[in-house]
Amino acid sequence: MPMPRLAPLASPTSVASRNNSACTVPTAAGTYTLQRIQASSDGVLLDASARSRSLSAFTHGKITLLTFFYTYCTDPLGCPFAFELMTGLRERIVADAALRSNVRFVSISFDPTHDSPAQLRSYAGSMLHDAQFEWEFLTAPSMAQLQPVLDGFGQDVRVEVDREGRPVRAISHMLKLFLIDESGVVREIYALDFLQPEVLLNDIRTLRLEAQRRAWPN
């Protein structure tokens, strides 16, 4: 059976250039490349079953959309907005046979002191252990163990410290989503201004087409 022929990619573009407010139609998937920004951060976290897991296990092997959140956030333009956007995006990915087994979501709590594995299970609900799609919800054993992960991603955050200066919990942050390719490289970082489902979906499809070109170079 012949492999599909794929058009060559153009030069790298930024999310801003693909999401110009004057444009009503996003740039077509596969007609651009995404820059390689940085290696994704790693660390030992806890999953919703309280098992210690290396974050790198969830940033390699699939295209990954990763964000940090609080389970108790009520800001309508914060974590609830990102969760709703990702939930809708998940439905579209599940409906696409070329994507659903090649994409995962990862949500990491900012506040290990409150967001225990049990709290993650309550928050995630049916999104956990979904046979159709992988969505991981993670927390950390402590803020001290989470901090290097935040620093590695360059996640803007303000941290509360105790009397000894040790980090206790994150108390404010800038909403960001990180798009990571199958080799663990961050390829795009979305802030609130650029969180549009069509842009994210096209970027995910672009990374998938890129992976296919590597597998089928001719």
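The structure we're discussing is the one just above.
Calculation criteria
- Each chain has its residues counted from 1, following the order in which its sequence is written.
- Only residues with pLDDT of at least 70 are given local features in this predicted model, and only at 80 or more are side-chain atom pairs given and counted; all residues enter the totals for whole chains, interfaces and linings.
- Heavy atoms throughout the structure, all of them, feed into the side-chain values; hydrogens and water do not.
- Think of it this way: any DSSP run of H or I at least four residues long counts as a helix, any run of E at least two long counts as a strand, and we number them from the N terminus.
- Each polar contact in these results corresponds to two N or O atoms within 3.5 Å; when the atoms are within protein, one needs to be able to donate a hydrogen and the other to accept it, and residues that are neighboring in sequence are counted only if both atoms are side-chain atoms.
- Here a Phe, Tyr or Trp ring, Trp counted by its six-membered ring, pairs with any other such ring whose centre lies within 6.5 Å, and the pair is stacked when the planes are under 30 degrees apart, edge-to-face when over 60, and tilted otherwise.
- For every residue, the accessible area (1.4 Å probe, protein chains only) is compared with the maximum for its type, and the residue is labelled buried under 20%, exposed over 50%, or partly exposed between those bounds.
- Both cavities and pockets are sets of points on a 1 Å grid over the protein atoms alone; in a cavity a 1.4 Å probe fits but cannot get out, in a pocket the set is open with protein on both sides within 12 Å along at least five of seven lines, and lining residues sit with an atom within 4 Å of a point.
- Grid points are joined across faces, edges and corners, and a volume is the space filled by probe spheres set on the points.
- Polarity classes work like this: nonpolar for Ala, Val, Leu, Ile, Met, Phe, Trp, Tyr, Cys and Pro, charged for Asp, Glu, Lys and Arg, and polar for all others, with Gly in that last group.

Before going further, it helps to examine the environment of Tyr32. Tracing the backbone shows Tyr32 in the loop between α1 (15–18) and β2 (33–34). Put simply, Tyr32 and Leu207 are 175 residues apart on the chain and 9.8 Å apart in space, counted from C-alpha to C-alpha. Within the local environment of Tyr32, its side chain forms a polar contact with the side chain of Asp203, the two groups lying 2.5 Å apart.

Moving on, we come to the packing of aromatic side chains. Within this structure, the stated rule accounts for 14 aromatic pairs. Taking 5.2 Å as the distance between ring centres and 90° as the angle between the ring planes, the aromatic pair formed by Phe105 and Trp135 counts as edge-to-face. Of this pair, Phe105 sits in strand β7 (residues 103–109) while Trp135 sits in strand β8 (residues 134–139); the two residues are 30 residues apart in sequence, bridging distant segments of the chain. There is no split in this pair, since Phe105 and Trp135 are both buried.

Roughly 200 Å³ of internal volume is contained in the largest pocket. When residues in the lining of the largest pocket are grouped by element, the largest group, 3 residues, is from β8. Counted by class, the lining of the largest pocket contains 6 nonpolar, 2 polar and 7 charged residues.

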